[in-house]
Amino acid sequence: MRTSALQYLYLQKPVSTVIFVCLFSILPWIATGDFSTKGEPREAAVAVSMLETGNWTLPTVYADEFAYKPPMAHWLMAACSLPQGYVNELTARLPSAIAYTALMAIVLIFFGRRVRFQEAFIAVCLLFTCVEIHRAGMTARVDMVLTTFMVAGLIQMYRWEEKLSLKGLPVGVPLLFSGAVLTKGPVGIILPLFVFGVYLLMLQKYSLLRIFKTLLYTGVSSLFIPMLWYIEAWKQGGNDFLNVVLAENFGRFFHLSEANISYDLGHKEGFWYNFVTLAAGFMPWTLLLFFSLFGVSWRKPQGNLGRWVRNAWNTILSLDKIRLFSLVASVCIVFFYMLPSSKRSVYLMPAYPFIALFMSQAILYLTEHRSKLTRVFAGVLTAVASVAFVTALLCMTGTVDLAALASHYTSRASTLQTFEAVGQAFRPSVSTIIVLAFLLTALLISYYQLFKKINIKMLYASIFLIFCVHLFIDGIVMRGIRNENSSRAFAREIRGAYPLNKDNVFVMNNLRHYTNLYGLNFYLGNCFHNFETEQPQTGYFLADERDYPKILERYAGVYTFEELRTSGRILADVKARVVLSRFARK
């Protein structure tokens with residue numbers, strides 16, 4: 001494409017360009033990889049149950065459990081699946097892909113009207129090329145949908161103060177936060193109100209009473225629609241549902257007892273976890289900022305500590321409104337998620353767009369004033385991508401066998417299985433050749449720009465290279481890993497060999513003691529029953545190879561088990577092989 005055409009797209013159609021790039025980066029790949037984690041098939045099975053039973057309020061999944069989260073993301077998955085009548089990987093991941101694309105467009109429009117457009121555009125480029133956001137946009141999970149609702153709601157609240165000085169209440173604000181609450185629970189309104197409340201206090205423009213009324217009216221109006229669902233779900237689920245709601249929403253935050261639920265809340269991490277995951281989530285751009293630290297001249301603050309703090313505070317208050325809002329949102333969201341013991345990297349995603357604005361400003365400064373640093377970063381990226389490209393070519397031609405090479409350094413079965421899957425993914429195919437052609441093009445552009453003196457073009461070349469590396473990982477590497485290590489093949493194998501149906505397949509469903517087989521549950525059609533509670537006369541039983549001996553020992557005096565088949569590969573979502581047996585009561 002000619003430079004003039006690229007300039008036209010960038011200057012005249014920036015939002016359309018971003019939407020196209022986002023869709024191109026994820027849509028071709030969300031349908032080509034099986035579910036290989038426990039989270040994706042667990043969420044997709046909820047949509048399966050909705051379509052099969054017609055219960056869109058509190059459907060039963062995985063034997064006798066119900067979803068741990070509110071149903072907005074599952075409603076969207078089911079709605080995307082309605083035209084074809086069933087849920088698959090594409091329709092389950094489509095809501096996240098749409099939310100991801102919408103988030104990029106919303107952020108570009110919002111920042112593009114309030115800061116230098118190049119700064120806003122680079123911020124969005126950082127977002128869709130960073131690891132955390134890109135990964136979330138391709139998974140059948142609730143996190144991307146939640147992030148889009150929360151960020152869009154925060155932006156609407158900012159515009160409410162900016163345009164109307166908090167007069168009235170725009171209908172979009174409670175609708176967006178209602179969506180957030182219906183996606184993940186009360187955090188969908190509590191966290192935005194915390195952010196906006198701190199922002200209003202720092203503006204020093206409104207009285208405390210006015211701020212309190214604003215937050216109260218917003219909170220109450222945003223909870224009205226979700227409460228309708230909570231009440232109806234409580235009628236269906238009773239105290240079991242109430243216990244899960246309390247544990248998931250308040251037990252995680254206040255470190256309360258987990259005695260009333262059948263699983264551990266998990267994800268308990270230390271104080272520094274959020275900072276580490278932020279750095280990892282913004283990879284590879286955190287490398288550039290890390291490199292820049294080596295050239296910083298550190299000076300001792302002037303005056304005493306109190307004076308330094310006052311000067312810093314005054315500097316923050318003097319920021320223009322959009323940067324002050326972004327700073328408050330970033331700090332408040334990270335701080336908020338430091339309080340609970342349960343921490344995950346995806347919890348911080350609502351802060352990413354606001355942090356990206358400051359990263360964009362810093363990276364543009366480095367590009368303009370420390371060009372050698374930008375070129376070193378580009379050189380490292382180009383070298384790493386070149387190694388990946390050459391490795392792919394060597395595997396494609398049969399010169400290198402990754403599994404054989406890895407066997408010299410490890411004997412771990414799961415690791416060797418992963419290398420074997422990657423090696424098989426490099427086999428020649430139309431999609432593989434197209435992806436490698438994109439990566440080669442990006443490498444040639446990067447090598448060319450490394451020898452030129454236009455620094456901003458070097459930055460854009462790096463963005464394009466990272467974009468193509470994502471294509472390489474998603475379209476070749478991860479596709480191979482997912483397809484080779486998923487539960488689909490074993491599910492097809494045992495369904496074809498044995499008369500499995502909706503009434504005769506049983507599993508254990510107690511996460512405190514056993515591993516749940518979410519992938520097999522999805523690929524077998526959400527047909528599992530709880531062996532422990534139903535105590536059936538006869539049927540088929542599935543368990544992973546680590547739990548199977550414990551179960552045999554526990555029920556030795558009650559049942560006889562005949563082992564029928566064991567999965568040939570370690571299933572990625574279980575991290576173990578799975579055993580199918582036939583049982584009968586003695």
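Everything that follows concerns the structure shown earlier in this document.
Structure report, in brief. (Residues numbered from 1 in each chain as written. Predicted model: local features only at pLDDT ≥ 70, side-chain atom pairs only at ≥ 80, totals over all residues. Heavy atoms only, no water.)

Quick notes on a nonpolar patch on the surface
Here is step 1: Together, Leu 169, Leu 209, Phe 212, Leu 216, Tyr 217 and Val 220 give the surface a local cluster of nonpolar side chains, amounting to about 600 Å² of exposed area.
Here is step 2: Examined against the element boundaries, Phe 212 turns out to sit in helix α11 (residues 208–254).
Here is step 3: We classify Phe 212 as exposed; its relative accessible area is 51%. (Patch = residues over 30% accessible without salt bridge, like charges linked within 9 Å, V, L, I, M, F, W, Y side chains within 5 Å. Areas by Shrake-Rupley, 256 points an atom, 1.4 Å probe, with all protein chains shown as cover. Salt bridge = Lys/Arg side-chain N within 4 Å of Asp/Glu carboxyl O. Helix = DSSP H or I, 4+ residues; strand = E, 2+ residues; numbered from the N terminus. Buried < 20%, exposed > 50% of the residue type's maximum accessible area, 1.4 Å probe, protein only.)

Focus on the nonpolar core
Here is step 1: In this structure, Met 104, Trp 285, Phe 528 and Leu 542 are the most contacted members of the largest nonpolar core, which totals 164 residues.
Here is step 2: Apart from the residues lying within four places of it in its own chain, the contact partners of Met 104 are Val 18, Cys 22, Val 124, Leu 127, Phe 128 and Ile 133.
Here is step 3: In terms of nonpolar packing, the next biggest core, distinct from the first, is built from 13 residues, Met 508, Phe 541, Tyr 548 and Tyr 555 among them. (Core = buried A, V, L, I, M, F, W, Y, C linked by side-chain atoms within 4.5 Å. Contact = heavy atoms within 4.5 Å.)

Side note on the pairing of strand β7 (residues 578–585)
Here is step 1: Pairing between strand β5 (residues 538–544) and β7: 7 bridges, direction antiparallel. Bridge pairing links Leu 542 to Leu 580 in β7.
Here is step 2: Looking at chain direction, strand β6 (residues 559–566) and β7 are connected through 7 bridges and run antiparallel. Each residue of the ladder has a partner; that of Glu 562, found in β7, is Arg 582. (Pairing = 2+ DSSP bridges.)

Focus: the packing of helix α17 (residues 371–396) against helix α20 (residues 430–450)
The description of two packed helices rests on the angle between their axes and on the distance between the axes.
Here is step 1: Closest axis-to-axis distance for the α17/α20 pair is 10 Å, and the angle between their directions is 150 degrees. When you trace α17 past α20, the crossing you get is left-handed. Every residue of α20 that contacts α17 at Arg 375, Ala 378, Gly 379, Thr 382, Ala 385, Ser 386, Phe 389, Ala 392, Leu 393 and Met 396 is listed here: Thr 432, Leu 436, Leu 439, Leu 440, Leu 443, Ser 446, Tyr 447, Gln 449 and Leu 450.
Here is step 2: Here the contact of α17 with α20 is composed, by residue class, of 12 nonpolar, 6 polar and 1 charged. (Axes fitted to C-alpha atoms, helices over the stretch in contact; angles between N-to-C directions. Left-handed = near helix turned anticlockwise from the far one by under 90°. Nonpolar A, V, L, I, M, F, W, Y, C, P; charged D, E, K, R; others polar.)

Observations regarding the packing of aromatic side chains
Here is step 1: This structure, assessed with the given rule, holds 44 aromatic pairs.
Here is step 2: Between Tyr 158 and Phe 325, the ring centres sit 5.0 Å apart and the planes meet at 50 degrees, which makes this aromatic pair tilted. With a gap of 167 residues between them, Tyr 158 in helix α8 (residues 143–164) and Phe 325 in helix α15 (residues 321–336) connect regions that are remote in the sequence. Phe 325 matches Tyr 158 in its accessibility class, with the two residues each being buried.
Here is step 3: Relative to Phe 291, the ring of Phe 290 has its centre 6.4 Å away and its plane inclined at 55 degrees; by these criteria the two rings are tilted.
Here is step 4: Judged by its relative accessible area of 45%, Phe 290 falls in the partly exposed class.
Here is step 5: Put simply, the rings of Phe 506, Phe 531, Phe 541, Tyr 548, Tyr 555, Tyr 559, Phe 561 and Phe 583 pair up and form one aromatic cluster. (Phe/Tyr/Trp six-rings, centres within 6.5 Å; stacked < 30°, edge-to-face > 60°.)

Brief notes about the packing of helix α6 (residues 117–129) against helix α16 (residues 352–369)
Here is step 1: Here α6 crosses α16 at 120 degrees, and the two axes come no closer than 8 Å. When the interaxial angle is binned, α6 and α16 end up oblique. As for how α6 packs across α16, the hand of that crossing is right-handed. On α16, the residues touching Gln 118, Glu 119, Ile 122, Ala 123, Leu 126 and Leu 127 of α6 are Tyr 352, Pro 353, Ala 356, Leu 357, Met 359, Ser 360, Gln 361, Ile 363 and Leu 364.
Here is step 2: Here the residues of the contact of α6 with α16 sort into 11 nonpolar, 3 polar and 1 charged. (Parallel < 35°, antiparallel > 145°, perpendicular 65-115°, else oblique.)

Considerations on unusual backbone geometry
Here is step 1: Backbone torsion omega between Met 283 and Pro 284 reads 5 degrees, so that peptide bond is classified as cis.
Here is step 2: One non-glycine residue, Tyr 62, lies in the positive phi region at around 40 degrees.
Here is step 3: By the element assignment, Tyr 62 lies in the loop between β1 (60–61) and β2 (65–66).
Here is step 4: If you check the backbone angles, Ala 63 has positive phi at about 70 degrees while not being a glycine.

Description of empty space enclosed by the protein
Here is step 1: Under the criterion given, the structure shown has 3 cavities of 30 Å³ or more.
Here is step 2: Here the largest cavity is characterised by a volume of approximately 60 Å³.
Here is step 3: Elements with a contribution of two residues or more to the lining of the largest cavity: α3 (39–53) and β2.
Here is step 4: Looking at which element gives the most residues to the lining of the largest cavity, the answer is α3, with 3 residues.
Here is step 5: Here the lining of the largest cavity is composed, by residue class, of 5 nonpolar, no polar and 4 charged. (1 Å grid on protein atoms, 1.4 Å probe; cavity = no way out; pocket = protein on both sides within 12 Å on 5 of 7 lines; lining within 4 Å. Points joined across faces, edges and corners; volume = space filled by probe spheres on them.)

A word on the pattern of salt bridges
Here is step 1: The final tally for this structure, using the stated rule, is 19 salt bridges.
Here is step 2: The salt bridge partner of Glu 162 is Arg 114, with a shortest N-O separation of 2.8 Å. Linking Glu 162 in helix α8 with Arg 114 in the loop between α5 (89–112) and α6, this pair joins segments that are 48 residues apart in sequence.
Here is step 3: Taking relative accessible area as the criterion, Glu 162 reaches 28% and is therefore assigned partly exposed.

Some remarks on the pairing of β5
Here is step 1: Burial analysis of β5 places 6 of its 7 residues in the buried class, the great majority of the element.
Here is step 2: Where strand β3 (residues 505–507) meets β5, 2 bridges bridge the pair, whose relative direction is parallel. Bridge pairing in β5 links Val 505 to Tyr 540.

Observations regarding the environment of Ile 355
Here is step 1: Looking at the element boundaries, Ile 355 is found in helix α16.
Here is step 2: Through-space distance from the C-alpha of Ile 355 to that of Leu 439 is 28 Å; in sequence the pair is 84 residues apart.
Here is step 3: For Ile 355, the residues in contact, after removing those within four places along its chain, are Leu 278, Phe 282 and Ser 330.

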